[in-house]
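The chain contents come next:
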Amino acid sequence: MSLEATILLVTCFYFFWIAVIGMVVGSFLDCAVSRWAVGEEIFLGRSHCTSCGHALGVRDLVPLFSFLLHRGRCRFCGEKIPVDCLVAEVAGAACFLCMLLRFGLTVELSQWLIFAGLLLAVSLADWHMRIIPDGMLLALAVNRLFWLWLLGVRVEQAGPEILAAWGVPAVLLALVLAGERLAGRELMGGGDIKLLFILALYMTWAELLLCLLAGCFLGLGYAALAGKKRKTAVAFGPFLGAGAVLTICFGQPLIQWYFSLF
């Protein structure tokens, strides 16, 4: 076997398994958040069909493939399986693959896989319950601060960038508060603002602006495709999370191109 063929085979091997890990993480997080949303114990009891309550076996719990094999229905009662789990599994695989493409097989990749997993948990919580738990935001902050320490990044290096990035959510917060006072209703959830402050630990101010812009476009696109009526509340956390992953993995060339225009 040639060197090129060997490299290709090894690369496919890593990509396959990182996608599988992402799907497993997505499946687990969706199950955990779904149980939390209805008041069930997160880590106790077997997975079961939400319609008939039948306990699920191994063949029912293989990420992605079980959904496709059973055509999106419970094999016991025939009711449709909520598509949320499939979306979470695909999102987990996509996020992990994007991080692998961006950072390669480096020590730093672990930081970004944890980041992607926590961000997916935040997105699912906001989607299911319309809240962004402070504990998840704290975990995101701790992950970043731990890796900054582990990688030997000094406060005087990271501090100015973080303060500059915090300017984005600070200005947005002021605009939202002013807008809410004029409109007499909530325009943006407090959890979304807090999430932006946490994302500022990971991104520069320019990246954070691009993340916010991408999240707005994704949210508007979803609302249009789903036929949401005007003034209908839509969870913004998942779109902000998607914007963050896209910005971190693919945003730098776009930012550099934009600044090159001046």
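Note that this is a predicted model, so its numbers are computed, not measured.

Asks: How would you explain the overall build of the protein chain if you had to name every residue and give the values?
Replies: Across its full length, the protein chain carries nine helices and zero strands. Going from N to C terminus, the protein chain has its helices and strands arranged as α-α-α-α-α-α-α-α-α. For the protein chain, buried positions account for 40% of its 262 residues. Within the structure as shown, the protein chain displays about 15,500 Å² of accessible surface, and the carbon and sulfur contribution to it stands at 69%.

Asks: Please set out the nonpolar core residue by residue, giving values where relevant.
Replies: Here is a general trend for soluble globular proteins: nonpolar side chains tend to be buried in one another's company. Met-99, Phe-115, Leu-195 and Leu-199 are the most contacted members of the largest nonpolar core, which totals 53 residues. Mapped by element, the contributors of at least two residues to this core are helix H1 (3-37), helix H3 (83-103), helix H4 (108-129), helix H5 (134-150), helix H6 (155-183), helix H7 (190-199), helix H8 (205-225) and helix H9 (237-259). By residue number, the principal contributor to this core is H4, which donates eleven residues. If near-sequence neighbours (up to four positions away) are discounted, Leu-199 is found in contact with Phe-115, Leu-119, Leu-208, Cys-211, Leu-240 and Ala-244.

Asks: So what's going on with H4? Which residues, and what values?
Replies: When the terminal C-alpha atoms of H4 are compared, their 32 Å separation across 22 residues agrees well with the 32 Å that a helix rising 1.5 Å per residue should span. Note on H4: the residue one or two positions beyond its end, Arg-130, has a positive phi of about 60°.

Asks: Let's hear about the state of the cysteines: which residues, and what values?
Replies: Put plainly, a disulfide is one covalent bond tying together the sulfur atoms of two cysteines. Within this structure, the stated rule accounts for zero disulfides. No disulfide involves Cys-85; its sulfur sits 7.6 Å from the nearest other cysteine sulfur, which is in Cys-31. By relative accessible area, which is 23% here, Cys-85 ends up partly exposed. A disulfide-free cysteine, Cys-249 has its sulfur positioned 4.9 Å from the sulfur of Cys-98, the nearest such atom. Residue Cys-249 is classed as buried on the basis of its relative accessible area, which comes to 9%.

Asks: I'd like to hear about unusual backbone geometry, residue by residue, with values.
Replies: Even without glycine at this site, Arg-130 takes up a positive phi of about 60°. The residue Arg-130 is located in the loop between H4 and H5 in this model.

Asks: Which residues make up the packing of aromatic side chains, and what are the values?
Replies: Inspection of the entire model under this criterion finds 13 aromatic pairs. With 5.5 Å between their ring centres and 70° between their planes, Trp-127 and Tyr-222 make a pair best called edge-to-face. Taken as a pair, Trp-127 in helix H4 and Tyr-222 in helix H8 lie far apart in primary sequence, 95 residues in all. Looking at Trp-127, the relative accessible area reads 30%, which means it is partly exposed. With a relative accessible area of 26%, Tyr-222 lands in the partly exposed category. On the numbers, 5.4 Å between centres and 40° between planes, the contact of Tyr-222 with Phe-239 is tilted. Here the residue Tyr-222 occupies a position in helix H8, and Phe-239 occupies one in helix H9, the gap between them amounting to 17 residues. For Phe-239, a relative accessible area of 12% gives the class buried. Here a set of aromatic residues connected by ring pairs shows up, and it is made of Phe-103, Trp-112, Phe-115 and Tyr-202. For Arg-102, the ring lying beneath its charged end belongs to Phe-103, and the centroid distance is 4.6 Å.

Each value, and the rule that gives it
Residues numbered from 1 in each chain as written. Predicted model: local features only at pLDDT ≥ 70, side-chain atom pairs only at ≥ 80, totals over all residues. Heavy atoms only, no water. Helix = DSSP H or I, 4+ residues; strand = E, 2+ residues; numbered from the N terminus. Buried < 20%, exposed > 50% of the residue type's maximum accessible area, 1.4 Å probe, protein only. Areas by Shrake-Rupley, 256 points an atom, 1.4 Å probe, with all protein chains shown as cover. Core = buried A, V, L, I, M, F, W, Y, C linked by side-chain atoms within 4.5 Å. Contact = heavy atoms within 4.5 Å. Expected span 1.5 Å × (residues − 1). Disulfide = S-S within 2.5 Å. Phe/Tyr/Trp six-rings, centres within 6.5 Å; stacked < 30°, edge-to-face > 60°. Lys NZ or Arg CZ within 6 Å of the ring centre and 35° of its normal.

Read these as spatial facts, not as claims about activity.
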